[in-house]
Amino acid sequence: MTVIPAIPALPRKYHGASVWALYAVGFIPAVFGFYLGATGQLPGDAIKEFEHLLGLWALRYLVATLSITPLRDLFGINWLRYRRALGLLAFWYVVMHFATYMILDKYLDFPTIVADIARRPFITIGMAGFIMLIPLALTSNNWSIRRLGSRWNRLHKLAYVIAAAGAVHFAMSVKVVGPQQLIYIGMVMVLLLWRPLRPRFNQWRRAQIGRPSFERAR
Amino acid sequence: MTHAMHTKTWLRTPYPRDLNFGVMATDANPLAAKETPMSAYRPPKIAAKEITPEKFFLNRRGFIAATAGGLLLAQRAQASAAALKANPSPFSPDEALTPEKDVTNYNNFYEFGTDKGDPAANSGSFKPTPWSIKVDGMVASPREFGIEELMAFPLEERIYRMRCVEAWSMVIPWIGFPLAKLLDKVEPLGSAKYVAFETVLRPDQMPGQAGFFQPLQWPYVEGLRLDEARHPLTILALGLYGKTLQNQNGAPVRLVVPWKYGFKGIKSIVKITLTDKQPPTTWNISAPTEYGFYANVNPAVDHPRWSQATENRIGEGGFFGGSRRKTLPFNGYGEEVASLYAGMDLKANF
């Protein structure tokens, strides 16, 4: 039993370029949103729209980051080379989300910002997620991986907590939790639940096909 | 106040108008101040720095025409609205208007969906006519009012600030008449203390009321104390910007209470009931710790999840309009309405 999607493998010589292309494409929503907002083309409350656009894309990149492993386990698609870019995109979108809140929304009114973070649970949770992202972003390089060894793996398990914080922050920020918030909470839950299941699944899979499926690099 | 007088004044102010409404109102209708039943009314003062630079609203048409998308939006916006004439009212403060495209495309009307653009996008199949409002409860003469009958009340244009509980605001030129005039016709009994309102329930025409996910309990209900309902600032609105209401704004008839958060302004009303008990209100049922019965605009009482101290004025041109402003107690209508709440703890009765 093998599940191999019919997507052609990318030649190795394009791997590096494809990662840089992902960064370039990944920032398009922010750039386009900023252009629309700065020229008065975002509807209604432009600052809020932009802030929410950035937050939503940050959550999407977090979900994408956590999807790399199950994609490899279940479908044999090895997109590990994009994981760092996706994680860093999530980080930069959170930075922009927070900067928009601080500068455009609150005009750097620090007493209000501090009070917001301390008193409003959904902002506290969002801020906690942001703080946890910082060490992950700082150690998202080969040197840190070599330097930290197995501790790097343990540190980067924070990504699970961060994604959960992001989804909860999103759901708590709206007046009524709707389908969109439930979909993100559901996706994060499935992705997190996969982690304890995957050793057993991969063991079973190896028994079935005689080798781990992720050797088939694509 | 005679009808002949109304005819004369609105003839001199044809729609659509591109100029400042407030100035025209006073120029065109110098007698209005003497005629109004509440001559003590003074329009709330607006600081000069808070007034939107003229270019933002005078250029509205040019801006819309400049973009194909804007043009389409404008055309769609016209589709469901008919011209509506009204008498400029002395109750209108001289304040820069929020562009019509924002007033008609940035809405909270969960019956059509929870996103701001949903009401404009999903309300196309809603039928605002025929329509009638049933008025019953503790009244001497309960009855129904057809929409034509409502349109026959002497209509006034009221330019009001609208402060949403989500910390944004607009300035909207409503057309309507004081709710008190409708209540007079049904003769409330001495025992009546509150007024309850109900929105139409039509899952077949309102996608937010149908399907698997229901954000709120339907029908939407709201309520006011009788003295709030009878206050001269409280109106039933039938139109805005010189036209009948569009579906996304609560067609064909909605409540506007300018010193309260926007969610008190119940839309597409089918029933008004006079009662002696405080009526249930939809957002209070949904989250009692976040939305109270009174819901008076109050910068000193934060929403549990955000501050109400400031607000963002919609439609002032993107990121750098510097449009964040301080929220005023009672949305700036304190001089007119604060006395309604004398001796009340407004922090407890939020």
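Here is what the cut-offs are and how they apply
Residues numbered from 1 in each chain as written. Chains lettered and ligands numbered in written order. Predicted model: local features only at pLDDT ≥ 70, side-chain atom pairs only at ≥ 80, totals over all residues. Helix = DSSP H or I, 4+ residues; strand = E, 2+ residues; numbered from the N terminus. Buried ≥ 20, exposed ≤ 12 C-beta atoms within 10 Å, placed from the backbone. Contact = placed C-beta atoms within 7 Å. Pairing = 2+ DSSP bridges. UniProt positions renumbered as here; feature names shortened; annotations may be inferred. Expected span 1.5 Å × (residues − 1).

Points about the overall build of chain A
Then step 1. Across its full length, chain A carries 10 helices and 0 strands.
Then step 2. The helix and strand sequence of chain A, counted from the amino end, reads α-α-α-α-α-α-α-α-α-α.
Then step 3. Along the first, second and third principal axes, the C-alpha set of chain A runs to 60 × 40 × 35 Å.
Then step 4. Within the span of chain A, comprising 218 residues, buried residues form 30% of the whole.
Then step 5. Here the analysis covers contacts within chain A between residues at least 6 apart in sequence; of these, 68% occur between residues at least 24 apart.

Some details on the pairing of strand 7 (residues 221-225) of chain B
Residue and element names in this part refer to chain B.
Then step 1. For strand 7, a buried count of 4 out of 5 residues is recorded, marking the element as mostly surrounded by other parts of the structure.
Then step 2. One ladder, built from 5 bridges, connects strand 6 (residues 194-199) with strand 7; its direction is antiparallel. Its bridge partner lying in strand 7, Tyr194 is registered against Arg225.

Regarding the UniProt feature "transmembrane region" (unreviewed entry) in chain A
Then step 1. Using the residue numbers shown here, the UniProt feature "transmembrane region" (unreviewed entry) corresponds to residues 20-38, 58-75, 87-104, 120-138, 158-176 and 182-197 of chain A.
Then step 2. Taken end to end, residues 58-75 of chain A is 100% helix and 0% strand, and its two terminal C-alpha atoms sit 25 Å from one another.

Concerning the UniProt feature "domain: Oxidoreductase molybdopterin-binding" (unreviewed entry) in chain B
Then step 1. When the UniProt feature table is mapped onto this chain, "domain: Oxidoreductase molybdopterin-binding" (unreviewed entry) is found at residues 127-283 of chain B.
Then step 2. Secondary structure content for residues 127-283 of chain B is 12% helix and 37% strand, while the C-alpha to C-alpha distance between its ends is 25 Å.

Looking at the pairing of strand 3 (residues 143-146) of chain B
Residue and element names in this part refer to chain B.
Then step 1. In the sheet, strand 2 (residues 132-137) pairs with strand 3 via 4 bridges, with the strands oriented antiparallel. Pairing of Ser132 across the sheet is with Gly146, part of strand 3.
Then step 2. Here strand 2 folds back onto strand 3 in antiparallel fashion, the turn holding 5 residues.

Some words on the UniProt feature "binding site: Mo-molybdopterin" (unreviewed entry) in chain B
All names here are of chain B.
Then step 1. The sites that UniProt annotates as "binding site: Mo-molybdopterin" (unreviewed entry) are Asn107, Tyr110, Glu111, Cys164, Thr199, Asn249, Arg254, Gly265, Ile266 and Lys267.
Then step 2. Summarising the element assignment, Asn107 is placed in the loop between helix 7 (100-105) and helix 8 (118-122).
Then step 3. Accessibility expressed as a C-beta count within 10 Å gives 26 for Asn107, which makes it buried.
Then step 4. For Asn107, the contacting residues outside a window of four places in its chain are Lys116, Pro119, Ala120, Gln248 and Asn249.
Then step 5. Within the secondary structure layout, Ile266 lies in the loop between strand 10 (254-256) and strand 11 (269-275).
Then step 6. In this structure Ile266 comes out as buried when scored by C-beta crowding, with 25 C-beta atoms within 10 Å.
Then step 7. Excluding anything up to four places from it in sequence, Ile266 contacts Phe197, Thr199, Tyr220, Glu222, Arg254 and Leu255.

Topic: helix 10 (residues 179-209) of chain A
Side chains three or four residues apart in an α-helix point the same way, a direct result of the helix having 3.6 residues per turn.
Residue and element names in this part refer to chain A.
Then step 1. The end-to-end C-alpha separation of helix 10 is 39 Å, well short of the 45 Å expected for 31 residues at 1.5 Å each.
Then step 2. For helix 10, every residue scored as buried is listed here: Tyr184, Val188, Leu191 and Arg205.
Then step 3. Close packing links the buried residues of helix 10 with helix 3 (46-75) and helix 9 (158-173).

Considering unusual backbone geometry
Then step 1. The omega torsion of the bond from Thr129(B) to Pro130(B) falls at -5 degrees, within 30 degrees of zero and hence cis.
Then step 2. Assignment of secondary structure puts Pro130(B) in the loop between helix 8 and strand 2.
Then step 3. Residues Ala251(B) and Pro252(B) are joined by a peptide bond in cis, for which omega reads -5 degrees.
Then step 4. Of note, Pro252(B) is situated in the loop between strand 9 (243-244) and strand 10.
Then step 5. Look at Leu108(A): it is not a glycine, yet its phi comes out positive at around 55 degrees.
Then step 6. For Leu108(A), the position within the fold is in the loop between helix 4 (83-105) and helix 5 (110-119).
Then step 7. Unusually for a residue other than glycine, Ala295(B) sits at a positive phi of about 50 degrees.
Then step 8. Within the secondary structure, Ala295(B) is located in the loop between helix 12 (282-286) and strand 12 (310-313).
Then step 9. Ala295(B) gets classed as buried once you count the C-beta atoms within 10 Å, which come to 21.

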